[in-house]
Amino acid sequence: VVTKITEVVLSLRILDETKSSTTIGFIGLGNMGCPMARNIIAKVLYLFTYSLILRNREGHNVVVYDIRQECVTELAEEGATTASSPLQVASEVQYLITMLPDNATVRETYQGDNGILKSVKKGTMLIDSSTIDPELSKYVGKLAEEKGAIFFDAPVSGGVNAAREAKLTFMVGGPEKYFPTAQDLLFTTGARIVHCGSVGSGQTAKLCNNMLLAVSMIGTAEAMNLGIRLGLDPKLLMSVFNSSTGRCWSSELYNPVPGTMENVPSCNNYEGGFLTRLMFKDLTLAQDMAARTTTKTPLGSSAHKVYSKMLNNGFAEKDFSSVYQFLKQQSPQILCVTESI
């Protein structure tokens, strides 16, 4: 961790020599946002000490906001400053990251009466790490540009463990001119930052990735369920997958079967993690993109239907890997959702 922090200190463009201090805002402190903000705070506190000792500057600060107070209080105890609204955050910062659950929340957070765009200052860098419709990202980006702000969409991949360990991958869309600065900021909470193109392209890459993730998670759950029902030991079966051609992220790092791995939602009654309702939301957005481009996605469509059924069977607030438990409970007739190709 110290090595990573040192690398950030040496390269971070947000530590502009012309500024006496740097203030970063973070809005949206859920299962992903809270550990992301925590990593930024830890690194900024290090930068604060670095600035005072080596540069004789005022230091740096992180301002956080969420409608729920639990994580806000925790982060305040770790050194963050709290705000009462997105409007207040935007009025106080030079860089602002948002991590929000859906289109409606992004619209309200940016455009609402107490929204970011009511007070954002010219030159502020806005980075939205929510997973939303690419068209909405383009719309918000246009509004931000009219205010003189710089906007990037930068959804993430890697899950809650990667968020905690600052190992996320960011898929970034926005002006190439300012990408190096955005990249340095995102390296405080991520390990790979990929510029995908103009605003909206990060969302497109993320939604394609999550459609693939849903398909692979269902496949892993199906195969594990079948092998276990035929008498194979779950850990043995997992080890076979992970040293064979069936190996994938869902089998190796996020296995859906309880007892096969530690520190994943399946070992914690599928609490935390990436909620089923959010996976369904992303699959809906992916299906919308497929419809707009007349692209056939039979497996993506089937995954969408499976997660839709899960919402109606009590899994909405469970991690999306709970599809394993859903499959165990269902009859073959209920799961006949694959469309003919």
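As the structure is a prediction and not an experimental result, all values here were calculated from the model.

### Some thoughts on the overall build of the protein chain
Within the protein chain, the regular secondary structure consists of 14 helices and nine strands. Relative to its 341 residues, the protein chain shows a buried fraction of 53%. By sequence separation, contacts in the protein chain at least 24 residues apart represent 68% of the contacts at least 6 residues apart. When the accessible area of the protein chain is evaluated, it comes to approximately 15500 Å², of which 54% is carbon and sulfur surface.

### Here we look at the pairing of strand β4 (residues 95-98)
Side chains Y95 and I97 project from β4 onto one buried face, and the interleaved L96 and T98 project onto a second face that is buried too. Following the chain from β4 across helix α5 (residues 103-111) to the adjacent parallel strand β5 (residues 125-128), one finds a crossover that is right-handed.

### Considering helix α12 (residues 276-292)
The terminal C-alpha atoms of α12 lie 24 Å apart, and with 17 residues this matches the ideal 24 Å at 1.5 Å per residue to within 8%. Of all 17 residues that make up α12, twelve are buried, and the element is covered over most of its length. Taken together, the buried positions of α12 are T276, L278, M279, F280, K281, D282, L283, L285, A286, Q287, M289 and A290. Close packing links the buried residues of α12 with α5, α6 (134-146), α9 (201-229) and α13 (298-311). Just beyond α12, the residue with positive phi is T294, at close to 50°.

### Examining the UniProt feature "active site" (unreviewed entry) in the protein chain
Following the UniProt record, the feature "active site" (unreviewed entry) maps to K206 here. Within the secondary structure, K206 is located in helix α9. Classification of K206 as buried rests on a relative accessible area of 6%. Apart from the residues within four sequence positions on either side, K206 is in contact with T131, P155, V156 and M171.

### Overview of the packing of α5 against α6
For any two helices packed against each other, one specifies the crossing angle of their axes together with the interaxial distance. Relative to each other, α5 and α6 sit at 5°, their axes nearing to 11 Å. With respect to each other, α5 and α6 are oriented roughly parallel. Contact residues: N103, V106, R107, Y110 and Q111 in α5; L136, Y139, V140 and L143 in α6. Within the contact of α5 with α6, the residues separate by chemical class into six nonpolar, two polar and one charged.

### Some points on helix α8 (residues 179-186)
Buried residues dominate α8, accounting for six of its eight residues. Those residues of α8 that sit buried are F179, T181, A182, D184, L185 and L186.

### Focus on the layout of surface pockets
Reported here for the largest pocket is a volume of approximately 1200 Å³. In this structure, the largest pocket is lined by 50 residues; those nearest its centre are G30, N31, M32, M99 and L278. Mapped by element, the contributors of at least two residues to the lining of the largest pocket are α2 (33-55), α3 (69-77), α5, β7 (156-157), α9 and α12. In terms of residues, the lining of the largest pocket owes the most to one element, α9, which gives six residues. Residue composition of the lining of the largest pocket, grouped by class: 22 nonpolar, 19 polar and nine charged.

### Re the packing of α9 against α13
Axis separation between α9 and α13 bottoms out at 9 Å; the angle between their running directions is 70°. With respect to α13, the axis of α9 lies roughly perpendicular. In this structure, α9 meets α13 at a crossing whose hand is left-handed. Of the residues in α13, those touching α9 at M211, A214, V215, M217 and I218 are L299, G300, A303, V306 and Y307. A per-class count over the contact of α9 with α13 returns nine nonpolar, one polar and no charged.

### Concerning the packing of aromatic side chains
Summed over the entire model, instances satisfying the criterion amount to five aromatic pairs. Geometrically, the ring pair formed by Y254 and F320 is stacked, given 5.7 Å between the ring centres and 25° between the ring planes. Pair noted here: Y254 is in the loop between α11 (249-252) and α12 and F320 is in the loop between α13 and α14 (323-329), with a separation of 66 residues, a long-range link. Exposure remark for F320: the relative accessible area of 1% places this residue in the buried category. Relative to F320, the ring of F274 has its centre 5.8 Å away and its plane inclined at 70°; by these criteria the two rings are edge-to-face. Of this pair, F274 sits in the loop between α11 and α12 while F320 sits in the loop between α13 and α14, placing them 46 residues apart in sequence. Counting every residue linked through ring pairs, the aromatic cluster contains W249, Y254, F274 and F320.

### Some details on the environment of T169
Take T169: it is sitting in strand β8 (residues 168-173). When the C-alpha atoms of T169 and V194 are compared, they prove to be 7.5 Å apart, with 25 residues separating the residues in sequence.

### Here's the deal with the side chain of T297
Among the secondary structure elements, T297 is positioned in the loop between α12 and α13. Here Q287 takes part through its side chain, which lies 3.1 Å from a polar atom of the side chain of T297. Excluding its chain neighbours within four sequence positions, the residues that come into contact with T297 are M211, Q287 and A290.

Quick notes on the rules
Residues numbered from 1 in each chain as written. Predicted model: local features only at pLDDT ≥ 70, side-chain atom pairs only at ≥ 80, totals over all residues. Heavy atoms only, no water. Helix = DSSP H or I, 4+ residues; strand = E, 2+ residues; numbered from the N terminus. Buried < 20%, exposed > 50% of the residue type's maximum accessible area, 1.4 Å probe, protein only. Contact = heavy atoms within 4.5 Å. Areas by Shrake-Rupley, 256 points an atom, 1.4 Å probe, with all protein chains shown as cover. Right-handed = clockwise from strand over helix to strand, strands pointing away. Expected span 1.5 Å × (residues − 1). UniProt positions renumbered as here; feature names shortened; annotations may be inferred. Axes fitted to C-alpha atoms, helices over the stretch in contact; angles between N-to-C directions. Parallel < 35°, antiparallel > 145°, perpendicular 65-115°, else oblique. Nonpolar A, V, L, I, M, F, W, Y, C, P; charged D, E, K, R; others polar. 1 Å grid on protein atoms, 1.4 Å probe; cavity = no way out; pocket = protein on both sides within 12 Å on 5 of 7 lines; lining within 4 Å. Points joined across faces, edges and corners; volume = space filled by probe spheres on them. Left-handed = near helix turned anticlockwise from the far one by under 90°. Phe/Tyr/Trp six-rings, centres within 6.5 Å; stacked < 30°, edge-to-face > 60°. Polar contact = N/O pair within 3.5 Å; in protein donor to acceptor, adjacent residues only side chain to side chain.

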